[in-house]
Amino acid sequence: MRITIIGGGYVGLVSGACLAAYGAHITLVEKDPERLKRLEIGELPIYEPGLEALFSEQKAQKRLSFCATIEEGLRGSKAAFIAVGTPARRGSGHADLSFVYDVAKDIALTAQNDLVVVTKSTVPIGTGREVSSILRTLRPELRFSVASNPEFLREGQAIADFMNPDRVIIGLDRNSPDKGLHAQKLLTTLYHPLTHPQNKLVFMGLESAELTKYAANAFLAMKVTFANEIADICEATGADSEEVRYGMGLDPRISPDFLMAGPGFGGSCFPKDTQALAVTARKVGTPSQLVETIIAANDARKRRLAERVLTLLGDHITQKTVAILGLTFKANTDDMRQAPALTLLPYLNEAGVTLRVYDPQGMTQARPLLPKGIYFAHNALDAAKNSDLLVILTEWEEFSHISFEELQKAMKGRKILDYRGLWKDQNVSDYGFTYHRIGKRD
Ligand code: UGA
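Residues numbered from 1 in each chain as written. Predicted model: local features only at pLDDT ≥ 70, side-chain atom pairs only at ≥ 80, totals over all residues. Heavy atoms only, no water.

Draft legend 1. Quick peek at the side chain of Ser148. One can find Ser148 in strand E6 (residues 144-148). In this structure Ser148 comes out as buried when scored by relative accessible area, which is 2%. With residues up to four places along the chain from it excluded, the contact list for Ser148 reads Val118, Thr119, Ile169, Ile170, Gly171, Leu206, Ala209 and Glu210. (Helix = DSSP H or I, 4+ residues; strand = E, 2+ residues; numbered from the N terminus. Buried < 20%, exposed > 50% of the residue type's maximum accessible area, 1.4 Å probe, protein only. Contact = heavy atoms within 4.5 Å.)

Printed below as a string of structure tokens:
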């Protein structure tokens, strides 16, 4: 089956490579000439474990090709997946849908009868219907279907998430002449290898599918925020957040997933999607106090982290050096979007603290986003050199293997603030360090 994916971003690249691996012929439309050139020579604009290998394999098998225009991409195609960005509009929190609607207009210009137009980007409720209306207005004679197929993959585990989904949600337009039947059949065939033999395909209305995506992300963001607040209570009372998490998580209604306390959630999804859901809820007259609180609590958490670091440094801040391990919003990605580091580092820099930072993948992305004068180290030990305090901000696996003897030699001071609980099972204090762990009283 020939499929067009429009947008060579995270979702487009992963979906394209994975669907190709299951036998579909994918044409990926990327309008940015620089990005397109890089894709054609097999250079990916993102770091995602396993993606580069899968990509070159599928290219070699000729199941993955690229082009610059929707017109070319749609030739012979049965379905067009819209996977362009929907960034939050500055100030308002509204998702910016201009890219999605521009693509819909371009599709309308050249689409053939029976094309299924699928929104894969995270889009607010009503977008699928608007896409349909654009197509109908521009091409009244065209026979087409729209569907919503939100993506639930996590950065860092995107391929596994795509290949082995918990569920594939498909929203259908039940008001269309065929009640969405053509789209249902086509998408059932496309997803068959991923969803068989278990029945993982879930069909619902367009609006339900669109809201499912926001509701799922907001719920997970709520879990993380809850875990962070419980961790604060643990630190204040002598309870241990890891023990509490374990105890809570044994209840299958709760589950231990997404209950790891941390510096506050970041990334391109939770912050943007909670904002967009809050805006939608207000717009339709049912404001969500809960979602609004999640957003505020998470922002405040990132700021409090900076204050905590300053408190740990004590007096003579301007003579102190802090080593930061991890800059990206989580491990196994080079993504810096909404990373806690972007709040913490400017704050410390402003206060006059000397900063030495290291991240296994995020240095290139981080550099232009951070204040000048920060030292970007060659490795974790280099970052630790002469530091008074070391902060673990991202849970990169390689930080678990640092030698504490080496760390002792490298650091000037003996304070560690572990915001991911990465060294919770190690005898850090045997090496003379004062170990401050998230969710546990010092
Ligand atoms: C998230 C969702 O998990 C995916 O299902 C969804 O498809 C994706 O957004 C999206 O909408 O595209 P992602 O942004 O890659 O995926 O990151 P997560 O692994 O969900 O982590 C989000 C944030 O929560 C990170 O800052 C992470 O450090 C934090 N987190 C997560 C915690 O602090 N504790 C946890 O226990 C889990």
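We are not done yet, so read on.
Draft legend 2. Seen up close, the pairing of strand E4 (residues 79-82). What you see with E4 is no split at all: Ala79 and Phe81 on one side and Ala80 and Ile82 on the other are buried throughout. Here E4 pairs with strand E5 (residues 115-119) via four bridges, running parallel. What sits directly across from Ile82, in E5, is Thr119. (Pairing = 2+ DSSP bridges.)

Draft legend 3. View of the sheet that holds strand E2 (residues 25-29). Overall, mixed pairing links the eight strands, which are arranged E3-E2-E1-E4-E5-E6-E7-E8 in an open sheet. Each having just a single partner strand, strand E3 (64-67) and strand E8 (201-205) make up the two edges of the open sheet. Taken over all neighbouring pairs, the strand axes of this sheet differ in orientation by 25° on average, direction set aside. Sheet topology places strand E1 (residues 2-6) next to E2; five bridges connect them, and they run parallel. Bridged to Thr4 within E2 is Thr27. Sitting on the sheet, helix H9 (residues 206-237) touches E6, strand E7 (168-172) and E8, and the angle it makes with E8 is about 115°. (Axes fitted to C-alpha atoms, helices over the stretch in contact; angles between N-to-C directions.)

Draft legend 4. Layout of helix H3 (residues 51-60). When H3 is considered as a whole, its buried residues turn out to be Leu51, Leu54, Phe55 and Gln58. Axial view of H3: buried residues confined to an arc of 100°, hence all on one face. Across from the buried face of H3, at angles greater than 90 degrees, the exposed residues are Glu52 and Ala60. Here the buried face of H3 lies against helix H1 (10-21), helix H2 (33-40), E3 and helix H7 (158-163). (Arc of directions from axis to C-beta.)

Draft legend 5. Looking closely at the sheet that holds strand E13 (residues 415-418). Reading across the sheet, the six strands line up as E11-E10-E9-E12-E13-E14 and stay open at both edges, with parallel pairing between neighbours. Bordering the open sheet on either side are strand E11 (375-376) and strand E14 (434-437), each of which pairs with just one other strand. Note: strand E12 (residues 389-392) against E13, four bridges, orientation parallel. Its bridge partner lying in E13, Ile392 is registered against Asp418.

Draft legend 6. Just the domain arrangement of the protein, in detail. Assigned domains within the protein: domain 1 (2-199), domain 2 (214-294) and domain 3 (299-437). Using only C-alpha atoms to locate each centre, domain 1 and domain 3 end up separated by 38 Å. Residue-level contacts link seven residues of domain 1 with nine residues of domain 3. For the pair domain 1 and domain 3, the summed buried area comes to about 610 Å², and 41% of that belongs to carbon and sulfur atoms. Considering only the surface of domain 1 that becomes buried against domain 3, Tyr47, Glu155 and Gly156 emerge as the three largest contributors, covering 81% of it. On inspection of domain 1 and its partner domain 3, the count reaches one salt bridge. (Domains from an automatic or database assignment. Buried area = accessible area lost by both parts, 1.4 Å probe. Salt bridge = Lys/Arg side-chain N within 4 Å of Asp/Glu carboxyl O.)

Draft legend 7. Up close: the packing of aromatic side chains. Overall, the coordinates contain six aromatic pairs when judged by the stated rule. Positioned over the ring face of Phe152 is Lys213, at 5.5 Å from the centre of the ring. (Phe/Tyr/Trp six-rings, centres within 6.5 Å; stacked < 30°, edge-to-face > 60°. Lys NZ or Arg CZ within 6 Å of the ring centre and 35° of its normal.)

Draft legend 8. A look at the site of the ligand. Around the ligand, the surrounding shell holds 19 residues, and the nearest of these are Leu153, Glu155, Lys213, Asn217 and Met260. Contact distances for the ligand include 3.4 Å between an oxygen atom and a backbone N or O atom of Leu259. Note that an oxygen atom of the ligand is positioned 2.9 Å from one of the backbone N or O atoms of Gly266. Burial of the ligand by the surrounding chains reaches 91%, relative to a free accessible area of 710 Å². Of all the elements in the fold, those that place two or more residues in the shell around the ligand are H9 and helix H11 (270-283). When residues of the shell around the ligand are assigned to their parent elements, the largest contribution, three residues, is made by H9. For the shell around the ligand, the residue count by class is 10 nonpolar, two polar and seven charged. (Near = heavy atom within 4 Å. Polar contact = N/O pair within 3.5 Å; in protein donor to acceptor, adjacent residues only side chain to side chain. Areas by Shrake-Rupley, 256 points an atom, 1.4 Å probe, with all protein chains shown as cover. Nonpolar A, V, L, I, M, F, W, Y, C, P; charged D, E, K, R; others polar.)

Draft legend 9. Highlighting unusual backbone geometry. The omega torsion of the bond from His196 to Pro197 falls at 0°, within 30 degrees of zero and hence cis. Here Pro197 is to be found in the loop between helix H8 (181-195) and E8. Phi is positive for Phe258, close to 60°, though the residue is something other than glycine. Take Phe258: it is sitting in the loop between helix H10 (241-249) and H11. Phi at Gln338 is positive, roughly 55°, even though this residue is not glycine. Tracing the backbone through its elements, the reader meets Gln338 in the loop between strand E9 (321-325) and helix H13 (341-350). The exposure class of Gln338 is partly exposed, given its relative accessible area of 45%.

Draft legend 10. Structural view of the environment of His25. Summarising the element assignment, His25 is placed in strand E2. For the pair His25 and Leu64, spaced 39 residues apart in sequence, the C-alpha to C-alpha distance is 6.2 Å. Once residues lying within four places of it in the same chain are set aside, the contact partners of His25 are Met1, Arg2, Ile3, Lys62 and Arg63.

Draft legend 11. Region of interest: the pattern of salt bridges. Inspection of every chain in the model, using the stated rule, returns 24 salt bridges. The partner of Arg337 in a salt bridge is Asp335, with the nearest N and O atoms 2.9 Å apart. Judged by its relative accessible area of 44%, Arg337 is partly exposed. Connected through salt bridges with shared partners, the residues Arg129, Asp173 and Glu207 form a single ionic network.

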